[in-house]
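Fold and geometry: a report
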There are 2 protein chains.
Amino acid sequence: MDLLSNFRSMLGAANVLTGNDAAPYLTDWRGVYQGAAQCVVRPATTEQVAGIVALCANSEIPIVPQGGNTGLVGGATPDASGKAVVVSTSRLSRVRGFDPENNTVTVQAGCVLQTLQEYCRDRDRLFPLSLAAEGSCTIGGNLASNAGGSQVLRYGTIRELTLGLEVVTADGEIWNGLGGLRKDNTGYDLKSLFVGSEGTLGIITAATLKLFPLPRMTQTALVATNGMASCVQLLIRLQTQIGSSLTAFEVMANECLKLVTSQFPQQHLPFDGSSVDASWFALLELSGSQDREGLGECLETMLGDALEAGEICDANIATSVEQERAFWNLRESITLAQAKGGKGIKHDIALPISKIPEFVEEMGRNLSTTFPGLSVMPFGHLGDGNLHYNVGPSPRFAEDALQRSHDRIYVMVHDAVHALGGSISAEHGIGQLKRGELKRYKTAHELAMMRSIKAAFDPMNILNPGKVI
Amino acid sequence: MDLLSNFRSMLGAANVLTGNDAAPYLTDWRGVYQGAAQCVVRPATTEQVAGIVALCANSEIPIVPQGGNTGLVGGATPDASGKAVVVSTSRLSRVRGFDPENNTVTVQAGCVLQTLQEYCRDRDRLFPLSLAAEGSCTIGGNLASNAGGSQVLRYGTIRELTLGLEVVTADGEIWNGLGGLRKDNTGYDLKSLFVGSEGTLGIITAATLKLFPLPRMTQTALVATNGMASCVQLLIRLQTQIGSSLTAFEVMANECLKLVTSQFPQQHLPFDGSSVDASWFALLELSGSQDREGLGECLETMLGDALEAGEICDANIATSVEQERAFWNLRESITLAQAKGGKGIKHDIALPISKIPEFVEEMGRNLSTTFPGLSVMPFGHLGDGNLHYNVGPSPRFAEDALQRSHDRIYVMVHDAVHALGGSISAEHGIGQLKRGELKRYKTAHELAMMRSIKAAFDPMNILNPGKVI
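Residues numbered from 1 in each chain as written. Chains lettered and ligands numbered in written order. Predicted model: local features only at pLDDT ≥ 70, side-chain atom pairs only at ≥ 80, totals over all residues. Heavy atoms only, no water.

**Quick look at the overall build of chain A**
The number of helices and strands found in chain A is 18 helices and 18 strands. Its C-alpha atoms give chain A a radius of gyration of 23 Å, within 12% of the compact-globule value 23 Å for 469 residues. Surface accessibility of chain A: about 16800 Å² in total, with carbon and sulfur atoms responsible for 49%. In chain A, the 38 positive side-chain charges and the 48 negative ones have mean positions that sit 6 Å from each other. (Helix = DSSP H or I, 4+ residues; strand = E, 2+ residues; numbered from the N terminus. Rg over C-alpha atoms; globule rule 2.2 N^0.38 Å. Areas by Shrake-Rupley, 256 points an atom, 1.4 Å probe, with all protein chains shown as cover. Lys, Arg positive; Asp, Glu negative; His and termini not counted. Charge placed at Lys NZ, Arg CZ, Asp CG, Glu CD.)

Right, here's the structure in full:
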């Protein structure tokens, strides 16, 4: 029996896609990567995943796992050879168990993040991972790429939220590493190794994840600051005063919000006068179980102190849920506004927070000197030291000129980040996009350690080959 | 030149110990394990560690890294062959860098935990790892064993507190993985793999660790509860009401506190009447940046509600720092009281919190049926699902009878833990002590994955051989 017939008898013909049916799985959502595959298979059980891997291992057929296909680095798109089998986790979407006393949930890899958030919220628990693609990305993809998002400041990346995994390894065996233990020191941390390995060490089929009490209230403020150094001082002020009640601290360069309000005229900056010209805005979220009034007063006092200390020039505390949503909408519309503004260049960088003021000042100056007219539109999660340092075209710097300068800008930004001890991929992963960068910035020693792990777990190199390393 | 001469010319004769000078390094502090070694070396720099490893690698000489030598599983004691070289990190004790804006500290492996805690406290920051041995254990040992302690509930184990590592690998190369990044998705998580590997994959020489704002105030309460199921309900109540302000939730069986107050007559239970007969006591710590009065009122309200709900029968909120210390002293004296009460059997177990009431009830019943008179004295970190399920001799069950039953009890407890999805080593590690248990409870598949990692990182098996796997 040939491979496809085998798959059809294992999964049913409806779950072995070829031709047009397979097409959506062979390109990424941005249309940057285009691949080919023998077929796309949609297993419904972990055992079926194991069966698929065993079959592929037999004939050394490459396997590309795919969740919601929302990645930004081509990690879920097969190469052009047409040899690969894409394993979609879309039918592995069940919540397997919920333990309110242990504050854990066990869920299959194909469950959509937002579905899981809502499942937990309905049961009075918070699953805190939150990111722009949450309506379509899956837990498996989140795990494979060690997703971050806007609540990392308080709750960590998904690696820190993961207590256990179920993984199909390259030999088609199932590792049942599920379980809701907060302490377990029985050997090497396999779990953390699979998280963030982008499907190159095993296929994650389920996970046990940490839950938290649902915050009883939130307070959200949009703040016009006196520059990035002031943002860092404000962050320290808030952390010192309220610690873990600070659950988000996002920053947006003026250029980002200008673009949002021009691309989406229904959106408005809630400031007037000179405040609209502030170089950096910050979006703050406090949440917790304290009473809302108490936290609101506390926020007002802190922002008053920050105003006096010259860290901020204006502040707007949301007085309704609608206004909270409007503030977050400004933040969440940046990516789309940038896409509408013309094809740009994305950098997903992290730095020690103390280095960020220096970085944004020097990088901005160097870019505008070398590429006059270039639009620099950074934004991101200051609380985690993570900036989406994006640049775009402008009337003075056309889209095609920008794309011709792509590689020079890419290297210029990443070299500066590396020189300051930063990361060239904070939360998007490596995939196909940044394999070259990895070689540029990692030492031979570190790459050798990674390759030795890959060889140990996947000696035939059938798991998502051509990704990461 | 022979090995010792080489070491002497590299480190100076004073830092190559043999004979009596070496003796303290060749046994663990409890005197359970006794080993031998060619010598003990005390490098003062990472480069010297690398030089030592390179020399040993050349002749395939086993290396046993050792920090404060406070471990409980023999992980830092060489075997009896006398072939090994013990590498003590005692001279690698410097804080290398402190970054208040990034909330990080970079420290060498040999720094004593308490020294680091105080260094950070003096600079208005909290390094939250806290455990009984903190006055002598080192950061390197904490990292090698993924130390937990009493603040894991809020801050996680040291793996979650670690942002970067510097490691000497088996080939004598230095991996500089230091850095204060909270998000970094550039390849496999080597850091998490080295943490908890007990010196079998590399020698950790330095780390960059997360810091937190220093809590402005704490509130501590000792509570007499109506049993373990009530403890779990109380834990959920507190987490729901105050979330991350709950920084410790310790439980102690009545037998533990009886033993403490009888072994240390200067210590007293702050209860009278029938409350002193409660089966389980809980020690609660709230901390944060809110005002002390507010949190105190909040604690009183919650404990009042818990009393009404029948979860607790009595509660005592500390009204002074002295009383706080007295409550914690009761908790921290348990280990010593048990040691004075006769040689017992320690089990360092973790379970899903929801399974703990069932476990303690059934295990207690089964043990007292099978071994009548045995003293069962469990205590631990309920917030993390971690119990030190210790048993000891009693007037009705003599010490030698207990030791003759050691293996049966060990297996009985661990089998029950395993059946409920728990861990047989929550925070002490595997070392020499639990290698056999690892084989009993891990699947062949999981052990094979671990062995493949060991082989990839240490193909000659020179790094702490005979430990973990």
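**Things to note about the domain arrangement of chain A**
All names here are of chain A. Domain assignment breaks chain A into domain 1 (3-88), domain 2 (95-213), domain 3 (216-341) and domain 4 (342-428). The C-alpha centroid of domain 4 is placed 22 Å from the C-alpha centroid of domain 3. Residue-level contacts link 21 residues of domain 3 with 17 residues of domain 4. When the two sides are added together, the surface that domain 3 and domain 4 hide from each other amounts to roughly 1500 Å², 65% of it contributed by carbon and sulfur. Taken as a group, Met228, Val251 and Gln338 account for 28% of the area that domain 3 buries against domain 4, more than any other trio of residues on that side. If you look at where domain 3 meets domain 4, you find zero salt bridges. Remark: the boundary between domain 3 and domain 4 carries 10 residue pairs in polar contact (both at pLDDT 80 or more). Looking at the side of domain 3 that touches domain 4, the elements with two or more residues in it are helix 9 (228-242), strand 13 (246-253), helix 10 (254-263) and helix 13 (334-340). Within the side of domain 3 that touches domain 4, the residues separate by chemical class into 14 nonpolar, three polar and four charged. (Domains from an automatic or database assignment. Contact = heavy atoms within 4.5 Å. Buried area = accessible area lost by both parts, 1.4 Å probe. Salt bridge = Lys/Arg side-chain N within 4 Å of Asp/Glu carboxyl O. Polar contact = N/O pair within 3.5 Å; in protein donor to acceptor, adjacent residues only side chain to side chain. Nonpolar A, V, L, I, M, F, W, Y, C, P; charged D, E, K, R; others polar.)

**A look at the interface of chain A and chain B**
Contact with chain A, which involves 83 residues of that partner, is made by 82 residues of chain B. A combined buried area of about 6400 Å² lies between chain A and chain B, and 54% of that area is made up of carbon and sulfur atoms. Three residues stand out in chain A for area buried against chain B, namely Lys183, Asn185 and Tyr188 of chain A, and they jointly supply 16% of the buried area on that side. Between chain A and chain B we count eight salt bridges in total. Joining chain A to chain B, the criterion identifies 41 residue pairs in polar contact (both at pLDDT 80 or more). Those elements that provide at least two residues to the side of chain A that touches chain B are helix 6 (152-155), helix 7 (158-161), strand 9 (174-177), helix 8 (190-194), helix 9 and helix 18 (444-457) of chain A. A per-element tally of the side of chain A that touches chain B places helix 18 of chain A first, with nine residues.

**A short note on unusual backbone geometry**
One non-glycine residue, Val468 of chain A, adopts positive backbone phi at about 65°. Within the secondary structure, Val468 of chain A sits in the segment after helix 18. Looking at Val468 of chain A, the relative accessible area reads 1%, which means it is buried. The phi torsion at Asn103 of chain B lies on the positive side, around 55°, for a residue other than glycine. (Buried < 20%, exposed > 50% of the residue type's maximum accessible area, 1.4 Å probe, protein only.)

**Section: the packing of helix 1 (residues 3-11) of chain A against helix 3 (residues 46-58) of chain A**
Residues and elements named next belong to chain A. In contact at an axis separation of 11 Å, helix 1 and helix 3 are set at 165° when each is read in the N-to-C sense. Judged on the interaxial angle alone, helix 3 and helix 1 are roughly antiparallel. Crossing angle aside, the handedness with which helix 1 passes helix 3 is right-handed. Residues Leu3, Asn6, Phe7, Met10 and Leu11 of helix 1 form the contact with helix 3, whose participating residues are Gln48, Gly51, Ile52, Leu55 and Cys56. Here the residues of the contact of helix 1 with helix 3 are counted per class, giving seven nonpolar, three polar and no charged. (Axes fitted to C-alpha atoms, helices over the stretch in contact; angles between N-to-C directions. Parallel < 35°, antiparallel > 145°, perpendicular 65-115°, else oblique. Left-handed = near helix turned anticlockwise from the far one by under 90°.)

**Section: the packing of aromatic side chains**
What describes a pair of aromatic rings is the distance from one ring centre to the other and the angle between the planes of the rings. Residues and elements named next belong to chain B. On inspection of all chains with the given rule, the structure shows 14 aromatic pairs over all chains. Note on Phe98 and Tyr119: the rings are 5.9 Å apart at their centroids and 80° apart in plane angle, and the pair reads as edge-to-face. A residue pair is termed long-range when its members are at least 10 positions apart, and Phe98 in strand 5 (residues 95-99) and Tyr119 in helix 4 (residues 113-122) qualify at 21 residues. When its relative accessible area of 24% is taken as the criterion, Phe98 is described as partly exposed. With 6.2 Å between their ring centres and 90° between their planes, Phe371 and Phe397 make a pair best called edge-to-face. One end of the pair, Phe371, is in the loop between helix 14 (356-370) and strand 17 (375-381); the other, Phe397, is in the loop between strand 18 (386-392) and helix 15 (399-404), with 26 residues separating them in the sequence. (Phe/Tyr/Trp six-rings, centres within 6.5 Å; stacked < 30°, edge-to-face > 60°.)

**Overview of the pattern of salt bridges**
If you walk through the whole model with that rule in mind, you get 30 salt bridges over all chains. When the shortest N-O distance is used, the salt bridge between Arg365 of chain A and Glu361 of chain A registers 3.5 Å. Taken together, the residues Arg365 of chain A and Glu361 of chain A, both in helix 14 (residues 356-370) and four residues apart, mark about one turn of the helix. Since its relative accessible area comes to 44%, Arg365 of chain A is described here as partly exposed. Overlapping salt bridges bring together Arg159 of chain A together with Asp189 and Lys191 of chain B as one network.

**Quick look at the relation of the copies chain A and chain B**
At an RMSD of 0.0 Å, chain A and chain B line up after a rotation of 180° and a shift of 0.0 Å along the axis. Both copies are brought into coincidence by an operation consistent with a two-fold rotation axis. Comparing interface residues between copies, 99% of those in chain A also sit at the interface in chain B, which points to an isologous, same-surface contact. (Least-squares fit on C-alpha atoms with pLDDT ≥ 70 in both.)

**Notes on the sheet that holds strand 17 (residues 375-381) of chain A**
All names here are of chain A. With respect to topology, seven strands assemble into an open sheet ordered 15-12-14-13-17-18-16, the strand pairing being antiparallel. Among the strands making up the open sheet, the edge pair consists of strand 15 (312-317) and strand 16 (348-350). Shown here is a sheet whose adjacent strand axes are inclined to one another by a mean of 20°, direction ignored. Relative to strand 18 (residues 386-392), strand 17 is paired through seven bridges, and the arrangement is antiparallel. In the strand pairing of strand 18, Phe379 is matched with His388. (Pairing = 2+ DSSP bridges.)

**Some words on empty space enclosed by the protein**
Evaluation of the coordinates by the stated rule reveals two cavities of 30 Å³ or more. As a volume, the largest cavity reaches approximately 40 Å³. As for the largest cavity, its lining consists of Ile236, Gln239 and Thr240 of chain A together with Asn103, Asp124, Arg125 and Pro213 of chain B. By volume, the second largest cavity amounts to about 30 Å³. Pro100, Asn103, Arg125, Phe212 and Pro213 of chain A together with Ile236, Gln239 and Thr240 of chain B are the residues that line the second largest cavity. Secondary-structure elements contributing two or more residues to the lining of the second largest cavity are strand 11 (212-213) of chain A together with helix 9 (228-242) of chain B. Considering every element that reaches the lining of the second largest cavity, the biggest residue donor is helix 9 of chain B, with three residues. Tallied by class, the residues present in the lining of the second largest cavity amount to four nonpolar, three polar and one charged. (1 Å grid on protein atoms, 1.4 Å probe; cavity = no way out; pocket = protein on both sides within 12 Å on 5 of 7 lines; lining within 4 Å. Points joined across faces, edges and corners; volume = space filled by probe spheres on them.)

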